[in-house]
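# Understanding the architecture of this molecule
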Amino acid sequence: MIEVIRSGPLTTVQDLGRPGLAHLGVGRSGAADRPALTLANRLVGNAERAACLEVTLGGLVLRSTATGTIALTGAPCPVLVAGRPAAMHTPISVPAAATVELGRPATGVRTYLAVRGGIAVPPVLGSRSTDLLAGLGPPVVGAGDELPVGDDAAGLPHVDLAPVPPLASDIRLRVLAGPREDWFTAGALWLLGAQPYEVTPASDRVGLRLRGPALTRSRDGELPSEGMVAGALQVPPDGLPVLLLADHPVTGGYPVIAVVDEVDRHLAAQARPGNRLRFRLV
């Protein structure tokens, strides 16, 4: 069992989500930075699908009731185990009754904490992920919670350290032309890639609201609601795009000018307010 002493600004349980249910109105959700979650699981010998803790901007303090192994990936933050500094991206042995404390990351937003065996809260529709928009899955982690540890280990940890490139404040994202590119003026897609957009504080797991050059439509009116995917750049009437993340709605009525390439979406998930995004059409 893991005891939560302090939960920080936002801590949720996440795994790889609920794929294949959008036609029923259920979004995938899951880890915003999927490569970080799967790496954390591999470092402790878990199956990649095992549930972890997604910690937003640090501040989490835990106590384990038994000796165990954890790993931390994603946004790099100061880590103390039983009062002693520990490293990111490596298996960490945690003695029974020791506390684990996460500080505020200097870059990035979301840190992933995997525990060997996985977080074994009850699954909902095949996943242990918390979907903040739909209200599905376990509740947001709070102080005083006790989180059971499962048996989702796939083997023994066999990596001492995983080299990971540092997170950048200027984030470059490859995009594909979207299904509603024809709803915009001829220069709108060029303008999207010509100048950077800044992430605003009104951003969360649902999406990043961006500040920058407004994208002008060539058509009036609104679309009937249609399916949405993670990475879609929706453009509301003010012309400022919204980049959809893990907890995005399954449908939307704003036209999508472009979609971030799947291999770059985890970079967007680590963008914090004030970071700049640069889009490159591929």
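Just above, that's the structure.
So, a few notes on the structure that sits alongside this text. What you are looking at is a predicted structure, and each value in this text was computed from that prediction instead of being measured.

### As for the overall build of the protein chain
Scanning the protein chain for helices and strands turns up three helices and 20 strands. Taken over C-alpha atoms, the radius of gyration comes to 19 Å for the protein chain, in line with the 19 Å a tight globule of 282 residues would show. With the principal axes as the frame, the protein chain shows a C-alpha extent of 65 × 35 × 30 Å. Here the protein chain, with 282 residues, has 49% of them falling under the buried criterion.

### Description of the environment of V229
Inspection of the secondary structure puts V229 in the loop between strand 15 (226–227) and strand 16 (232–234). Between the C-alpha atoms of V229 and T111, which are 118 residues apart in sequence, the distance is 23 Å. Beyond its immediate chain neighbours, meaning those up to four positions away, V229 contacts L244, H248 and V259.

### Description of helix 1 (residues 34–44)
Where burial is concerned, most of helix 1 is hidden: eight out of the eleven residues are buried. Within helix 1 the residues assigned to the buried category are A36, L37, T38, L39, A40, N41, L43 and V44. Against the buried residues of helix 1 lie strand 2 (10–14), strand 3 (52–56), strand 5 (68–74) and strand 10 (110–115). Its side-chain oxygen placed 3.2 Å from the backbone nitrogen of A36, D33 serves as the N-cap of helix 1. G45 occupies a position one or two residues after helix 1 and carries a positive phi of about 85 degrees.

### Side note on the sheet that holds strand 11 (residues 146–147)
Taken in spatial order, the six strands line up as 7-6-9-4-1-11 in an open sheet, and their pairing is antiparallel. Only two strands of the sheet have a single neighbouring strand rather than two, namely strand 7 (84–86) and strand 11. Here three bridges tie strand 4 (residues 60–64) to strand 9 (residues 99–102), and the two strands are oriented antiparallel to one another. Residue V61 lies in a different strand from strand 9, and its bridge partner there is E101.

### Thoughts on the side chain of N41
Examined against the element boundaries, N41 turns out to sit in helix 1. Its relative accessible area of 0% is what places N41 among the buried residues. Beyond its immediate sequence surroundings of up to four residues, N41 is in contact with N46, A47, E48, R49, A50, C52 and A114.

### A short note on the state of the cysteines
All told, the structure shown has zero disulfides when counted by the stated rule. Summary of cysteine pairing: C52 is not part of a disulfide, and the nearest cysteine sulfur, belonging to C77, is at 14 Å. Residue classification places C77 among the buried residues on the basis of a relative accessible area of 9%.

### Overview of the sheet that holds strand 8 (residues 92–94)
Hydrogen bonds between backbone groups are what pair the strands of a sheet, and the pairing can be parallel or antiparallel. Taken in spatial order, the five strands make up an open sheet running 2-3-10-5-8, and their pairing is antiparallel. This sheet does not close on itself; its edge strands, each paired only once, are strand 2 and strand 8. Looking at each pair of strands side by side, their axes are set apart by 30 degrees on average, direction ignored. Sheet analysis places strand 3 next to strand 10, joined by four bridges and oriented antiparallel. The residue bridging T56 from the neighbouring strand is R110, located in strand 10.

### Here we look at unusual backbone geometry
Although it is not a glycine, S29 adopts a positive phi angle of roughly 55 degrees. Mapping S29 onto the fold places it in the loop between strand 2 and helix 1. Accessibility expressed as a relative area gives 6% for S29, which makes it buried.

### Focus: the side chain of Q14
By secondary structure assignment, the location of Q14 is in strand 2. Its relative accessible area of 0% is what places Q14 among the buried residues. Polar contacts involving the side chain of Q14 include one to the side chain of S129, which spans 3.2 Å. Here R205 takes part through its side chain, which lies 3.5 Å from a polar atom of the side chain of Q14. Ignoring sequence-local partners within four residues, the contact set of Q14 consists of S29, G30, A31, L37, A50, A51, C52, E54, S129, T130 and R205.

### What to know about the pairing of strand 14 (residues 207–211)
Across two bridges, strand 13 (residues 197–199) lies against strand 14 in antiparallel orientation. Bridge pairing in strand 14 links E198 to R211.

### Examining the pattern of salt bridges
Once the charged atoms of two side chains with opposite charge are near each other, the side chains can pair. For the structure shown, the criterion picks out 13 salt bridges. R63 is paired through a salt bridge with E3; the nearest N and O atoms lie 3.3 Å apart. Taken as a pair, R63 in strand 4 and E3 in strand 1 (residues 2–7) lie far apart in primary sequence, 60 residues in all. For R63, a relative accessible area of 31% translates into the label partly exposed. Residue R42 is joined to E48 by a salt bridge in which the shortest nitrogen-to-oxygen separation is 2.9 Å. Residue R42 is classed as partly exposed on the basis of its relative accessible area, which comes to 41%.

Reading the values: rules and limits
Residues numbered from 1 in each chain as written. Predicted model: local features only at pLDDT ≥ 70, side-chain atom pairs only at ≥ 80, totals over all residues. Heavy atoms only, no water. Helix = DSSP H or I, 4+ residues; strand = E, 2+ residues; numbered from the N terminus. Rg over C-alpha atoms; globule rule 2.2 N^0.38 Å. Buried < 20%, exposed > 50% of the residue type's maximum accessible area, 1.4 Å probe, protein only. Contact = heavy atoms within 4.5 Å. Polar contact = N/O pair within 3.5 Å; in protein donor to acceptor, adjacent residues only side chain to side chain. Pairing = 2+ DSSP bridges. Disulfide = S-S within 2.5 Å. Axes fitted to C-alpha atoms, helices over the stretch in contact; angles between N-to-C directions. Salt bridge = Lys/Arg side-chain N within 4 Å of Asp/Glu carboxyl O.

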